[in-house]
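Each chain is listed here by its residues.
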Amino acid sequence: MADIDPQIDRSDRCPGITYTDMLAVDTRPAPDYLVMESTQELGDDPLDPDRYTSPAFKALEDEKMWPNVWQFAAREEDMPDPGDTVVYEINDKSFLLVRQQDGGVRAFYNVCLHRGRKLRIESGRSINLRCPFHGFTWNNDGSLKEIPCSWDFKHLEDKDLSLPELKVERWQGFILVTENHDLPSFRDWVGPGIEHYDNWRLDECTTGAWVARVVPANWKAVAEAFMEAWHSVVTHPQILPFTADANTRYDLYGDHMNRAITPNGTLSPHLKGKDQLYVINKLAEFLGAGDGRGRRNAAEPADLKGFDADDPLLARKVLAQANREGFAAMNGHDYSEASDSEMLDNLTYNIFPNWSPWGGFVPNIVYRWRPWKDADHCLMEVRILMRAQKGEKPARGPEMFMIPDDQPFTYASHLIGAALAGVFDQDMENLPHVQAGMKASKNKKLELGHYQETRIRQFHRTMDKYISGELPKTA
């Protein structure tokens, strides 16, 4: 097991036991990538709320940043068969991802080269790519197939009319695209931290549920609501009995990745005088509200056997074991050597700029935030990845379930569970007022915590590098 960096100053951490301390007494040795901390000194300067509200700042993002990053555009299970096509849209751009006969994926600008109509407006099966306006047709590999009334287009006979392409890579079941063909490979572009996923094999998973909702707030403001855990004490009080919110550890890697690890199965430091059975019972009560996709399993009294009744982290150990047994029964995989953290904790990674694939072995949540219409709206998507049965290929995933604008996330409780949906709705209650409040700001300053909001600082530092031209670095 790796040592903890002695140079890291912990004076700005919550008093008492740390997440790293918990790892040291878990029932299985934690892997080095969970033990080692990674920090960056980013200062304490405030942020300008215009970054979230200004159309001019959005225009800079659209020009300088979005075309020059790797974007999560689809999952493999969205388009498993030759001819399957995904329409991926962001800002004013529209792209087509098409599964090829050889199993590869190619991505094209979703634009007819005749009069500019979108070739497709919905995902689905494609025999070829035929424009619904005049019938210009391309093969699924992007090569030109047919020009109606070709006698009127002889001037195009010597021109390459293949559909312009994006660069495509595939990683852990995710399909990534970029407009910048000079970017390094996705793994090299992300840099340190991406290797943590090698053991988690999200490519063995399929999408069990996929829901989305338009949020009346800037995409960055919504994403940042999921970059820190300390809002739980006010916004999510129902999870404090089994979620150590203020014990969350925040790690920063390079420019394009960061993570928060929130310990589960242990009491929040904000609650006092509760025993370990209180933690177990409160989690069972929460799950009883309907967690839908089972990120955790409840424990029974019999599960306490073999554990020290006086252990201050008894609940954490018992619940991690309940997950090992519960998920093994669910999908046939062997979790006997998996660390307690990887079976229980919220390993909330963010990959710049706009998606968050959770780590670990429990069903993995994946967030994606896309700008929507203007600087004041975004589309928040939530996927839950379920591990396929051992020895079986991941099944085709469901289509995205769009929640109506006037409905809360609990409208999708039948897909993601009432408990998880309720947590999202608590966040959504804040965000429209965050957007409105930033517009009303007098001093134009957003003051962030030095440690607990360090992921937000790193995110904006990287954004500034793209806007200034310091990034992207090319291959």
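Look up a bit, the structure's there.
Keep in mind that what you see is a predicted model, and the values were worked out from it rather than measured. Counting restarts for each chain, with residues numbered from 1 along the sequence as it is written. Selection of residues for local features in this predicted model requires a pLDDT of at least 70, selection of side-chain atom pairs for listing and counting requires 80 or more, and totals for whole chains, interfaces and linings are taken over all residues. The side-chain values count all of the structure's non-hydrogen atoms but skip hydrogen atoms and water molecules.

A. Expanded view of the overall build of the protein. Think of it this way: any DSSP run of H or I at least four residues long counts as a helix, any run of E at least two long counts as a strand, and we number them from the N terminus. For the protein, the count of helices and strands is 13 helices and 18 strands. What the globule rule says is 2.2 Å times the number of residues to the power 0.38, and the radius of gyration is computed from C-alpha atoms. Computed over the C-alpha atoms, the radius of gyration of the protein is 24 Å, within 12% of the 23 Å expected from 2.2 N^0.38 for a compact globule of 475 residues. Expressed as lengths along the three principal axes of its C-alpha atoms, the size of the protein is roughly 85 × 55 × 45 Å. Each residue is assigned to one of three classes by its accessible area relative to the maximum for its type, calculated with a 1.4 Å probe on protein chains only: buried under 20%, partly exposed between the two thresholds, exposed over 50%. Looking at the protein as a whole, 55% of its 475 residues are labelled buried. By definition in these notes, contact holds between two residues if any of their heavy atoms fall within 4.5 Å. Partitioning the intrachain contacts of the protein with sequence separation of at least 6 by distance along the chain shows that 68% fall at a separation of at least 24. Accessible surface computed for the protein: about 20,200 Å², of which carbon and sulfur atoms make up 51%. The centroid of the 54 positive side-chain charges in the protein is displaced by 4 Å from the centroid of its 73 negative side-chain charges. Only the protein chains shown count as cover for residues, with accessible areas throughout obtained via the Shrake-Rupley method and a probe of 1.4 Å. Only four residue types enter the charge count: Lys and Arg as positive, Asp and Glu as negative, with His and the chain ends excluded. To locate a charge, take NZ of a lysine, CZ of an arginine, CG of an aspartate or CD of a glutamate.

B. Representation of the nonpolar core within the structure. What makes a nonpolar core is a set of buried Ala, Val, Leu, Ile, Met, Phe, Trp, Tyr and Cys residues whose side-chain atoms join them at distances within 4.5 Å. Judged by nonpolar contacts, the single largest core of 92 residues is most densely connected at Leu97, Phe186, Met380 and Phe409. Shared between two domains, this core holds at least three residues of each, these being domain 1 (3–47 + 192–468) and domain 2 (78–167). If near-sequence neighbours (up to four positions away) are discounted, Phe409 is found in contact with Val211, Arg213, Met380, Val382, Ile403, Ile416, Ala421, Phe424, Asp425 and Met428. In this structure, Leu283, Leu287, Ala419 and Val423 belong to the second largest nonpolar core, which totals 16 residues. The domain limits used here are those given by an automatic or database domain assignment.

C. Fine view of the sheet that holds strand β5 (residues 124–125). Here, strands pair whenever DSSP counts at least two bridges between them. With antiparallel pairing, the four strands of this open sheet are ordered in space as β4-β3-β2-β5. The two strands at the open ends of the sheet, each matched to only one other strand, are β4 (105–109) and β5. Alignment of strand β2 (residues 84–90) against β5, held across two bridges, turns out to be antiparallel. Along β5, the bridge assignment pairs Thr85 with Gly124.

D. Seen up close, the pairing of β4. As defined by bridge partners, strand β3 (residues 93–99) adjoins β4 across five bridges and the pair is classed as antiparallel. Its bridge partner being in β4, Phe95 is matched across the sheet by Tyr109. Hairpin connection of β3 to β4: five residues between the antiparallel strands, including Gly103 at a positive phi of 90°.

E. Fine view of the sheet that holds strand β1 (residues 71–75). Taken together, three strands build an open sheet; the order of strands is β1-β10-β9 and the sheet is antiparallel. Across the chains shown, the open sheet's two edge strands, defined by having one partner strand only, are β1 and β9 (167–171). Averaged over all pairs of adjacent strands, the angle between their axes in this sheet comes to 30°, without regard to strand direction. Relative to strand β10 (residues 174–178), β9 runs antiparallel, the two being bridged by five bridges. Considered in β10, the bridge of Lys167 is made with Thr178. Axes here refer to lines fitted to C-alpha atoms; in helices the fit is confined to the stretch in contact. Angles between the N-to-C directions go from 0 to 180 degrees.

F. Highlighting the packing of aromatic side chains. Classification of ring pairs uses Phe, Tyr and Trp, with its six-membered ring standing for Trp, and accepts pairs whose centres are within 6.5 Å; under 30 degrees between planes counts as stacked, over 60 as edge-to-face, and the remaining range as tilted. In total, this model carries 33 aromatic pairs according to the counting rule given. Arranged with centres 5.8 Å apart and planes meeting at 85°, the rings of Trp219 and Phe459 form a pair that is edge-to-face. With Trp219 in helix α6 (residues 219–224) and Phe459 in helix α13 (residues 454–468), this pair connects stretches of sequence that are 240 residues apart. Using a relative accessible area of 3% as the deciding quantity, one classes Phe459 as buried. Between Phe352 and Tyr466, the aromatic rings sit 5.6 Å apart at their centres with planes inclined by 10°, giving stacked as the arrangement. Of the two residues, Phe352 is situated in the loop between β14 (346–351) and β15 (355–357) and Tyr466 in helix α13; the sequence distance between them amounts to 114 residues.

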